[in-house]
Amino acid sequence: MHLVDLTRQFLSKYYPRQHLVSACLLFAVFIVLLLISNHESAEPEQTQINIPVTIRVEQPIPAEPTDREIVSSTEPEFLPDPVIENPGAATWKHVEVKSGDNLSAIFAQVGLSDRELFHVLNSNDEAKILNRVFPGYQLSFSIPKPGQLEQLKVLKSPLEGFLFTLIDGFYDVEKISRAPEIRQVFKHGSITDSLFMAGLKENIPDLTIMEMANIFGGVIDFILDPRLGDDFSILFEEKYLDDEFIGTGEILAAQFTNQGKQFVAVQYENALGEIGYYNPLGESMRKAFLRAPIDVFRISSNFSLARRHPILNTIRAHKGTDYAAPKGTPIRATSDGTVTWAGRNGSFGKLIVIKHRGAFETKYAHLSDYANGAKKGRRVRQGDIIGYVGSTGSATGPHLHYEFLMNGVHKNPRTILDKLPKAESIPADELNRFRHQSEPLLVQFKALEKTKMLALGQHGAE
Ligand SMILES: [Zn+2]
């Protein structure tokens with residue numbers, strides 16, 4: 001008996017006919033919705049990078065010297081025809097180099113023999129760059145007549161490559177070097193769930209949101225601090241090439257309002273070309289300690305305000321702050337220091353202790369595992385991943401138990417960090433340079449924000 005018949009019999013036995021009909025209808029509606037939502041999620045053009053159509057080579061074809069007949073006969077039948085762009089116009093064929101490919105095989109794919117390959121390679125010394133073609137490179141062939149290679153474009157990236165052009169029987173090699181067009185983008189978002197979700201809603205690239213969280217990482221704990229109604233504004237760059245988004249650029253200015261407290265950061269490049277972020281007074285945003293010992297963006301997708309654990313910590317109760325997070329969430333060193341303990345320790349389970357300058361010490365407990373390099377005696381830098389969230393020792397569920405000590409005494413990092421000495425500021429003799437750079441940027445930023453606020457029908461966040 002057919003499977004279909006079996007299924008029908010089973011269904012009609014257990015489900016009345018009407019229900020079946022409505023179930024089918026529901027299913028159809030679901031499929032349509034799914035198609036629509038898929039379509040929508042593919043919509044944001046910003047992140048689409050136009051990659052020329054690729055041709056996969058299943059097996060490298062061995063190089064057969066000279067005879068074009070042999071080359072074409074070794075072309076396996078399963079290879080799809082290279083895609084032809086603008087049929088009728090100049091005939092360009094595109095191939096992306098895959099690992100295991102060789103030039104002879106790629107040439108064969110687009111209908112060129114080894115003879116043409118050697119012709120290109122032997123044109124001049126510069127042509128030897130073709131011998132260093134790596135997976136991911138994009139090759140484009142202009143072949144106006146069968147077997148006649150007029151131009152070959154080799155792109156390492158959308159911005160960089162070489163163009164071979166047949167001139168008087170030889171191939172001339174020209175360097176391709178393009179500068180992306182930089183566009184400034186201003187976005188404003190508010191936190192309803194998590195910073196990650198807010199970024200997603202405003203169509204801000206993940207990398208940019210992540211970078212913003214890093215900029216404010218010394219003043220805001222993006223796990224425990226955000227509250228419903230917090231908001232942010234951000235001015236950043238995007239790179240475009242021929243109107244195609246090809247990547248994110250730098251953040252120029254950002255503002256985050258957390259529980260009514262406003263933080264502003266502006267980019268500054270010093271005379272040495274070093275780029276940093278400062279508040280409008282010229283104090284560095286980079287602090288001695290990160291507020292959160294957890295890499296918030298590794299847990300972003302399943303981390304929200306709604307499901308956030310209340311702060312379990314009260315210093316007197318158990319001397320630390322607990323960060324509930326999925327097992328395996330990366331834990332980072334909150335400051336530079338030396339690992340003084342990396343091993344099991346009673347109810348702490350797997351524990352890492354780091355000693356920092358200025359009689360500070362941090363402890364990270366209940367880990368599921370240690371990161372490579374987090375060994376006793378090793379130096380770590382602020383932000384280095386040292387281990388992963390777990391529930392070893394006496395922990396009821398996966399969470400990080402984080403302790404902060406000063407001169408051997410437990411302190412609440414959430415209050416003590418405000419009292420630590422101010423981070424480094426722009427030197428007095430450099431302040432004019434700083435203002436010259438940052439003030440126009442901040443004026444622009446505030447103007448954009450004002451416009452946005454008016455559009456939203458709210459008052460400015462000043
Ligand atoms: Zn704890």
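What counts and what doesn't
Residues numbered from 1 in each chain as written. Predicted model: local features only at pLDDT ≥ 70, side-chain atom pairs only at ≥ 80, totals over all residues. Helix = DSSP H or I, 4+ residues; strand = E, 2+ residues; numbered from the N terminus. Buried ≥ 20, exposed ≤ 12 C-beta atoms within 10 Å, placed from the backbone. Contact = placed C-beta atoms within 7 Å. Pairing = 2+ DSSP bridges. Axes fitted to C-alpha atoms, helices over the stretch in contact; angles between N-to-C directions. Core = buried A, V, L, I, M, F, W, Y, C linked by C-beta atoms within 7 Å. Domains from an automatic or database assignment. Expected span 1.5 Å × (residues − 1). Bend = angle between axes of the 7 residues up to and from the residue. pLDDT = per-residue confidence, 0-100. Arc of directions from axis to C-beta.

1. Points about the overall build of the protein
Per the secondary structure count, the protein includes ten helices and 21 strands. The proportion of buried residues among the 462 residues of the protein is 31%. Within the protein, contacts between residues at least 6 apart in sequence are counted, and of these 63% link residues at least 24 apart.

2. Structural notes on the sheet that holds strand β9 (residues 244-258)
Taken in spatial order, the five strands make up an open sheet running β7-β8-β9-β10-β11, and their pairing is antiparallel. Edge strands, defined here as strands with exactly one partner in the open sheet, are β7 (181-190) and β11 (275-278). Neighbouring strand axes in the sheet, compared pairwise and without regard to direction, differ in orientation by 25° on average. In terms of strand pairing, β7 meets strand β8 (residues 231-241) through ten bridges, oriented antiparallel. By the bridge assignment for β8, G189 is matched with F232. Where helix α7 (residues 206-215) meets the sheet, its contacts fall on β8, β9, β10 (261-269) and β11, and the angle it forms with β9 comes to roughly 35°. Most of the contacts of helix α10 (residues 431-456) go to β10, to which it runs at about 135°, and overall it touches β7, β8, β9 and β10.

3. Some thoughts on the nonpolar core
By size, the foremost hydrophobic cluster in this structure holds 61 residues, and its most contacted members are F216, A254, A265, I352 and Y364. Looking at this core element by element, the count peaks at five residues for β9. Counting the residues that make up this core, at least three belong to each of domain 2 (182-287 + 425-456) and domain 3 (296-419). Among the nonpolar cores identified, the runner-up in size contains 19 residues, and V120, F141, L149 and V154 belong to it.

4. Here's the deal with α10
Taking 1.5 Å of rise per residue, the 26 residues of α10 would be expected to cover 38 Å, and the 35 Å separating its terminal C-alpha atoms lies within 8% of that figure. When the local axis directions of α10 are compared, the greatest deviation, roughly 30°, occurs at S438, which is followed within four positions by the proline P440. Among the residues of α10, those classed as buried are F434, S438, F445 and E449. Taken together, the buried residues of α10 touch β7, β8, β9 and β10. G457 sits one or two positions beyond α10 and adopts a positive phi of about 75°.

5. Quick word on the sheet that holds strand β13 (residues 330-332)
For sheets, the rule is that strands pair by backbone hydrogen bonds, running either parallel or antiparallel. Here we have three strands laid out as an open sheet, ordered β13-β19-β17, and antiparallel in their pairing. The sheet is open, and its two edges are formed by β13 and β17 (369-370), each paired on a single side. When β17 meets strand β19 (residues 385-388), the two strands line up antiparallel, connected through two bridges. Residue Y370 lies in a different strand from β19, and its bridge partner there is G387.

6. A look at unusual backbone geometry
Phi angles above zero are rare outside glycine, and D168 is one such case at about 50°. If you trace the backbone, D168 turns up in the loop between β5 (160-167) and β6 (170-177). For D243, which is not glycine, the phi dihedral falls at a positive 70°. On the secondary structure map, D243 appears in the loop between β8 and β9. Looking at D243, the number of C-beta atoms within 10 Å reads 8, which means it is exposed.

7. Here's the deal with the environment of S194
Summarising the element assignment, S194 is placed in the loop between β7 and α6 (195-201). Here S194 falls in the buried class, since 24 other C-beta atoms lie within 10 Å of it. For the pair S194 and F222, spaced 28 residues apart in the sequence, the C-alpha separation amounts to 8.7 Å.

8. Examining the pairing of β8
It is a general feature of regular strands that their side chains alternate between the two faces of the sheet. Sheet topology places β8 next to β9; ten bridges connect them, and they run antiparallel. Note that in β9 the partner of S233 across the bridge is Q255. The hairpin formed by β8 and β9 contains two residues between the paired strands, and D242 there has a positive phi angle of roughly 50°.

9. A few points about the pairing of strand β15 (residues 350-356)
Where burial is concerned, most of β15 is hidden: six out of the seven residues are buried. As judged from the six bridges shared by strand β14 (residues 337-344) and β15, these two strands associate in the antiparallel manner. The residue bridging T338 from the neighbouring strand is K355, located in β15. What sits between the antiparallel neighbours β14 and β15 is a turn of five residues, in which G346 has the positive phi angle 50°. Pairing geometry for β15 and strand β16 (residues 360-367), over six bridges, is antiparallel. Bridging across to β16, H356 finds its partner in F360.

10. A few points about the environment of R332
Checked against the element boundaries, R332 lands in strand β13. By the C-beta count within 10 Å, which is 22 here, R332 ends up buried. A C-alpha to C-alpha distance of 7.4 Å links R332 and Q382, two positions 50 residues apart in sequence. For R332, the residues in contact, after removing those within four places along its chain, are L290, P293, D295, G383, D384, I385 and I386.

11. Regarding the confidence of the model for the protein
With 74% of its residues at a pLDDT of 70 or more, the protein has an overall mean of 79. Considering only residues more than four positions removed or in separate chains, one finds that residues 9-18, a stretch of pLDDT under 50, has three contacts. Considering only residues more than four positions removed or in separate chains, one finds that residues 23-80, a stretch of pLDDT under 50, has 54 contacts.

12. So, α7
Of the positions making up α7, those classed as buried are T208, I209, M212, A213 and I215. Mapping the buried residues of α7 onto a view down its axis gives an arc of 160°, with all of them on the same face. As for α7, its buried residues are in contact with α6, β8, β9, β10 and β11.

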